[in-house]
Amino acid sequence: MTQESPGNLETMNIVIAGHVDHGKSTVIGRLLADTDSLPKGKLQQVKETCRRNSKPFEYAFLLDALKDEQAQGITIDSARVFFKTDKRHYIIIDAPGHIEFLKNMVTGASHAEAALLVIDAEEGVRENSRRHGYMISMLGIKQMVVLVNKMDLVNYNQETFDAIVAEYTEFLDGIGLTAKAFIPVSGMEGDVIASLSNKMPWYSDQTTLQALDNFEKEPLPTDKPFRLPVQDVYKFTKSGDKRRIVAGTVETGKVQPGEEVVFYPSGKKSVVSSLEVFNADCPSDFSAGQAASFTLEEQIYIARGQLAAKANELAPKVSKRLRVNLFWMGKQPLETGKDYLLKVGTVKESVRVEEILSVMDASDLNSAQKKDKIEYHDVAECILSCRHAVAFDTVEDISSTGRFVIIDDYEIRGGGIIREALADQQEHMRQQVMQRNLKWASSAIGRTQRWERYNQKAALILVTGKRNVGKKTLAKAIEQRLFTDGKIVYFMGIANVLYGVDADIKKPGDDETHRPEHVRRLAEIANLLLDAGVILVVTAIGLTQNELEIIQNVVDSDLIEPIWLGDEPTDIDFAMKVPNLDDFEDTLDRVKGLLQSKGIIFKA
Amino acid sequence: MDHLDHLESLGVHILREAYANFKNMCMLWSIGKDSTVLLWLARKAFLGHVPFPLVHIDTNFKIPEMIEYRDRLTKEWHLDMVYGQNTEALKSKNTFPDGNADRLTCCKLLKTTALKHTLSGQWPRYRFNHAAGKYEVDANIEPFTGVIVGLRADEEGSRSKERYFSPRDRQNEWDIADQPPEFWNQFKTDFAPGTHVRIHPLLDWTELNVWEYIEREKIPTVSLYYNQGDGKRYRSLGCEPCTNPIDSQARNPKEIIEELRSGQLSNIAERSGRAQDAEDGGGLETLRKDGYM
């Protein structure tokens, strides 16, 4: 609304939260009026509307810009209100107190730097006073001031105020949050908003406005270890731009040219070559909060979803299993055994709830219960299990990369913080792969350069299925067809590996014990050939999902195209299922179609 | 980092999230100051490139200079420029300037309806062919599932309720009372078939921020925003018959910044020169629920 300012004042986002009808909007309306932040005529206009509708005027009506809202008399969404003091500009995010609108409260609060929590002096601490307090803590907002509002309704009584302070402080202690101050106010009467009130001679500390100005601007976390979730890798070749640019926003720390960066979970490393900008002088570094773009010295293959860190700093955690605290806002409960999507940083991964450790009671958040599902508005501690390993930090180490959301049916339905990385089955093998990637000597010829030269993308076509269904026949036919089309393709029979590379572990009649190691070695060989740009066709008997995941750990998982041959059900994530080879030519056409749709080969 | 740097970085971050998640995405370019800042942010995000089409809804009543400016930048910046139009309403003269419709109906027909059908691909899209130097009917009629829009929360009431990533249902409608949550920097980037998502990278910018950024980055803007000596300038641009200039001496972005900071305009709504707002009960809510920007 108001825009006049002598110069470049800083801006701060504040969320105002609390239980429904505890008077948040009234406090904001009063703040606007007392700081002269209203457009001319607005106050009169609202007063006039009230008069016409025979409603007593309330400052809250000032905020109810939407027709819907006035009809319902409650704040539906997090409206933004702009005002300023001599110290700074404020964006006040009015978070709805009604329980139905918790997701709006969260949206408003998750961009706030500080919070005002309003408690009705007459009603006292209520359900959402606690829940919002918990949300504020979980969202990572460290500064909070509690306004005990409607003091006029309790005759400005100090004991009432003190009792609320004591009760709420005890609750905050339990969740590890401390309020910077408690202030007795009346939004309706304007007490202790912009100035102290003679109705409460017992209170002589800061006013609400002073409390706002006393919030400290949190410094950007530039001194933490470097973290950058990769948003994308750009190559605008069509526009004649040869640069291969890694893009993402720096969450913490800083990075400059010449520094060694490692991309997790793969552990691939390279050195930052140049920082890239448009219409600006090239900076000496990119630091926390900045949208960054840079090129790398080696042409390593990285993609969206990886987490960049520096080789000489604290490494992020990599695991499939995480212990988390989360809050759930889906009308359908969050249940074990059901598939959801997890988003942490820029990675999106299939996830299940492995175990629910405890659920806090939604109304008092004091007692932990054991429940078998997490319901609407529950706060819970649980173990999540991802299909593939993801990279992250614990919230204690680095808060911004220790946060996640859960998607169910296209919508964000929950969010939370990561407390611990738990061990998973493939940890050892992943360590080996990370070590390999760390030691990897990159060729001067990049992967995409090879792909462009060969006019194909490298791929691992994995033909699997039960014994004697014709896997080898199909694999060789695929090789033949692609070879005829001029592709660089290679059929690698499993026996070629078993009796050569695997000679030391290959024992007659002892296939199962060493099967994971066989699979790993097969994948390592495949990895070399894929790096060379080859389309590789491999057969394997009855591959399981677990074995496929071993291969996905070793080889870039987006280069693998598993084909299941046979009409029985299988648990593996196949790219294509071939029930039988009755129409052989048609099957080959379908395989070709798959490769074209994945951009591995191109339509003629 | 100062406040503008923060706004810029967040805007770039949002554009990159959108680009990574939406295959068929476009950016609405109204030729006005806000969406031109948005276009500039795209060039920042993609290092000088704009890797998706820009869509302009041409009501045929835009001030001529706006169209000249659009086509000049299209050529200079190698933009993938597309425009759409409600040719039927224009042909049958079912418009406000022709005297056959009220302002709101006209807005609905020439903007909202044209926008919906251009986005869905049901009506022809005219794409600039850089080799031929002219607009041609585009063969691509795939619906856009991600639409980047330059609206700001401080413009008017209903816009202050928007999300950065805001879903629209199959009917293009916006359910204000039931919007998805946005946590930290996690946005709604998943969508059901048939629905689309509006993306609002400039949500937290104010009118002053927009001008400060135009001044800092030296972004070219149409001269209609500046006093050309007659003591008047446009503060918000729209169709010629429904847009009025304000009294102002500001001749360039720097003077507009001074004007805004001085408080001379603080009691006048930015869109006060836009006649359709007044007809919608002082806001855009009715129009916007139905799909207006």
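Everything numeric here is computed off the predicted structure, so don't read it as measured data.

## Here's the deal with the overall build of chain B
When helices and strands are tallied, chain B shows nine helices and 10 strands. Burial status across chain B gives 64% buried among its 293 residues. Summed over its atoms, the accessible surface of chain B is roughly 10,400 Å², and 48% of this surface lies on carbon and sulfur atoms.

## A look at the domain arrangement of chain B
Residue and element names in this part refer to chain B. Splitting chain B by domain gives domain 1 (3-205 + 282-289) and domain 2 (207-277). Here the C-alpha centre of domain 2 lies 21 Å away from the C-alpha centre of domain 1. Together, Leu4, Lys33 and Ile63 form the three largest contributors to the area buried by domain 1 at its contact with domain 2, with a combined 23%. Between glutamate 217 and lysine 44 there is a salt bridge, with its nearest N and O atoms 3.0 Å apart. Taken together, the links from domain 1 to domain 2 amount to eight residue pairs in polar contact (both at pLDDT 80 or more). At the level of elements, helix H1 (3-21), helix H2 (33-45), helix H3 (64-76) and helix H5 (103-120) are the ones that each hand at least two residues to the side of domain 1 that touches domain 2. Per-element accounting of the side of domain 1 that touches domain 2 gives the leading share, seven residues, to H2. Its residues assigned to classes, the side of domain 1 that touches domain 2 shows 20 nonpolar, six polar and 14 charged.

## Some thoughts on the domain arrangement of chain A
Quoted interface sizes are often the accessible area lost when the parts come together. Residues and elements named next belong to chain A. Per the domain assignment, the segments of chain A are domain 1 (10-214), domain 2 (228-310), domain 3 (318-425) and domain 4 (446-597). With centres defined by C-alpha atoms, the gap from domain 2 to domain 3 works out at 29 Å. In this complex, domain 2 contributes 11 residues to the contact, which on the side of domain 3 involves 11 residues. At the boundary of domain 2 with domain 3, total buried surface from both sides reaches about 810 Å², with 70% on carbon and sulfur atoms. Connecting domain 2 to domain 3 are zero salt bridges. For the pair domain 2 and domain 3, the number of links is three residue pairs in polar contact (both at pLDDT 80 or more).

## Describing the side chain of Asn437(A)
Position of Asn437(A) among the secondary structure elements: in helix H8 (residues 427-439). Relative accessible area serves as the criterion here: at 5%, Asn437(A) is assigned to the buried category.

## Notes on the state of the cysteines
Scanning all chains against the criterion turns up zero disulfides over all chains. With no disulfide partner, Cys382(A) has as its closest neighbouring cysteine sulfur the one in Cys386(A), 11 Å distant. Cys382(A) gets classed as buried once you look at its relative accessible area, which sits at 0%. For the unlinked cysteine Cys106(B), the closest cysteine sulfur is that of Cys242(B), found at 6.3 Å.

## What about helix H14 (residues 584-597) of chain A?
One turn of the α-helix equals 3.6 residues, which is why residues spaced by three or four share an orientation. Residue and element names in this part refer to chain A. Spanning 14 residues, H14 covers 20 Å between terminal C-alpha atoms, matching the ideal 20 Å at 1.5 Å per step. Close packing links the buried residues of H14 with strand E25 (459-465), helix H10 (471-484), strand E28 (560-565) and strand E29 (576-578). Immediately beyond the C-terminal end of H14, within one or two residues, lies glycine 599, with a positive phi of roughly 75°.

## Describing the nonpolar core
Counting residues in each nonpolar core, the largest one holds 80 residues, and the members touching the most others are Met27(B), Trp29(B), Phe165(B) and Ile199(B). The element contributing the most residues to this core is H2(B), with seven residues. Each residue touching Trp29(B), except ones within four places of it in the same chain, is listed here: Ser35(B), Thr36(B), Leu39(B), Leu54(B), Val55(B), His56(B), Tyr69(B), Arg70(B), Leu73(B), Thr74(B), Leu79(B) and Met81(B). Of all hydrophobic cores here, the second largest spans 73 residues; its members include Val15(A), Ala17(A), Leu102(A) and Leu147(A).

## Considering the pairing of strand E18 (residues 340-344) of chain A
All names here are of chain A. Summarising burial for E18: four of the five residues are buried, a large majority. Two elements, E18 and strand E19 (residues 347-360), share five bridges in a ladder whose sense is antiparallel. Directly across from tyrosine 340, in E19, lies its bridge partner valine 351. With antiparallel pairing between neighbouring strands as the criterion, E18 and E19 make up a hairpin whose turn holds two residues, including glycine 345 at a positive phi of roughly 60°. Two strands pair when backbone bridges link them, and E18 and strand E23 (residues 403-408) are joined in this way by three bridges, in the antiparallel orientation. Paired with lysine 343 across the two strands is valine 405, which belongs to E23.

## Remarks on the pattern of salt bridges
Side chains that differ in charge, positive against negative, can pair when their charged atoms come close. All told, the structure shown has 60 salt bridges over all chains when counted by the stated rule. Ionic pairing is found between Lys348(A) and Asp190(B), a salt bridge with its closest N-O pair at 2.8 Å. Highlighted residues: Lys348(A) in strand E19 and Asp190(B) in the loop between strand E7 (165-168) and strand E8 (196-199), drawn from two different chains. Classification of Asp190(B) as buried rests on a relative accessible area of 11%. One continuous salt-bridge network, built from bridges that share partners, spans Arg436(A), Asp502(A), Asp504(A), Glu517(A), Arg520(A), Arg521(A) and Glu524(A).

## Observations concerning the pairing of strand E12 (residues 268-275) of chain A
All names here are of chain A. Where strand E11 (residues 260-264) lies against E12, four bridges are found, and the strand directions are antiparallel. Each bridged residue has a counterpart across the sheet, and for valine 261 the counterpart in E12 is serine 270. Joining the antiparallel neighbours E11 and E12 is a turn of three residues, in which glycine 267 adopts a positive phi near 80°. Where E12 lies against strand E14 (residues 291-296), three bridges are found, and the strand directions are antiparallel. Bridge pairing in E14 places serine 274 opposite threonine 295.

## What to know about the environment of Arg30(A)
Residue and element names in this part refer to chain A. Along the chain, arginine 30 falls in helix H1 (residues 24-34). Taking relative accessible area as the criterion, arginine 30 reaches 12% and is therefore assigned buried. Spatially, the C-alpha atom of arginine 30 lies 39 Å from that of glutamine 332, the residues being 302 residues apart in sequence.

## What to know about the sheet that holds E25(A)
All names here are of chain A. Here five strands make up an open sheet; going across it, the order is E26-E27-E25-E28-E29 and the pairing parallel. The open sheet has two edge strands, strand E26 (489-492) and E29, and neither has a second partner. Strand-to-strand twist across the sheet, computed as the mean angle between neighbouring axes with direction ignored, equals 20°. By the bridge criterion, six bridges tie E25 to E28 in an arrangement that is parallel. Bridge pairing in E28 links isoleucine 461 to glutamate 561.

## A closer look at the sheet that holds strand E15 (residues 307-310) of chain A
On the basis of which strands lie adjacent, the open sheet formed by seven strands has the order E7-E15-E11-E12-E14-E9-E8 (chain A) and antiparallel pairing. Of all strands in the sheet, those bounded by a partner on one side alone are strand E7 (228-229) and strand E8 (232-234) of chain A.

## Let's talk about the packing of helix H12 (residues 515-531) of chain A against helix H13 (residues 545-554) of chain A
Residue and element names in this part refer to chain A. The interhelical angle for the contact between H12 and H13, taken along N-to-C directions, is 35°, at an axis separation of 9 Å. Pair H12 / H13 crosses with right-handed handedness. Of the residues in H13, those in contact with Arg515, Pro516, Val519, Arg520, Ala523, Glu524 and Asn527 of H12 are Glu547, Ile550, Ile551 and Val554. Along the lines of polarity and charge, the residues of the contact of H12 with H13 split into six nonpolar, one polar and four charged.

## What about the confidence of the model for chain B?
Taken over all residues, the pLDDT of chain B has a mean of 86, while the share at 70 or more is 89%. Across the whole predicted complex the pTM is 0.82, and at the interface the ipTM reaches 0.90.

## Description of unusual backbone geometry
Going from Tyr264(A) to Pro265(A), the amide bond is cis rather than trans, its omega being 10°. The residue Pro265(A) is located in the loop between E11 and E12 in this model. Its identity as a non-glycine residue notwithstanding, Lys93(B) has a phi of 55°, on the positive side. By the secondary structure assignment, Lys93(B) is in the loop between helix H4 (87-91) and H5. Look at Lys218(B): it is not a glycine, yet its phi comes out positive at around 55°. Tracing the chain through its elements places Lys218(B) in the loop between helix H6 (207-217) and strand E9 (232-233). A relative accessible area of 58% places Lys218(B) in the exposed class.

Cut-off values and rules
- Residues numbered from 1 in each chain as written.
- Chains lettered and ligands numbered in written order.
- Predicted model: local features only at pLDDT ≥ 70, side-chain atom pairs only at ≥ 80, totals over all residues.
- Heavy atoms only, no water.
- Helix = DSSP H or I, 4+ residues; strand = E, 2+ residues; numbered from the N terminus.
- Buried < 20%, exposed > 50% of the residue type's maximum accessible area, 1.4 Å probe, protein only.
- Areas by Shrake-Rupley, 256 points an atom, 1.4 Å probe, with all protein chains shown as cover.
- Domains from an automatic or database assignment.
- Buried area = accessible area lost by both parts, 1.4 Å probe.
- Salt bridge = Lys/Arg side-chain N within 4 Å of Asp/Glu carboxyl O.
- Polar contact = N/O pair within 3.5 Å; in protein donor to acceptor, adjacent residues only side chain to side chain.
- Nonpolar A, V, L, I, M, F, W, Y, C, P; charged D, E, K, R; others polar.
- Contact = heavy atoms within 4.5 Å.
- Disulfide = S-S within 2.5 Å.
- Expected span 1.5 Å × (residues − 1).
- Core = buried A, V, L, I, M, F, W, Y, C linked by side-chain atoms within 4.5 Å.
- Pairing = 2+ DSSP bridges.
- Axes fitted to C-alpha atoms, helices over the stretch in contact; angles between N-to-C directions.
- Left-handed = near helix turned anticlockwise from the far one by under 90°.
- pLDDT = per-residue confidence, 0-100.

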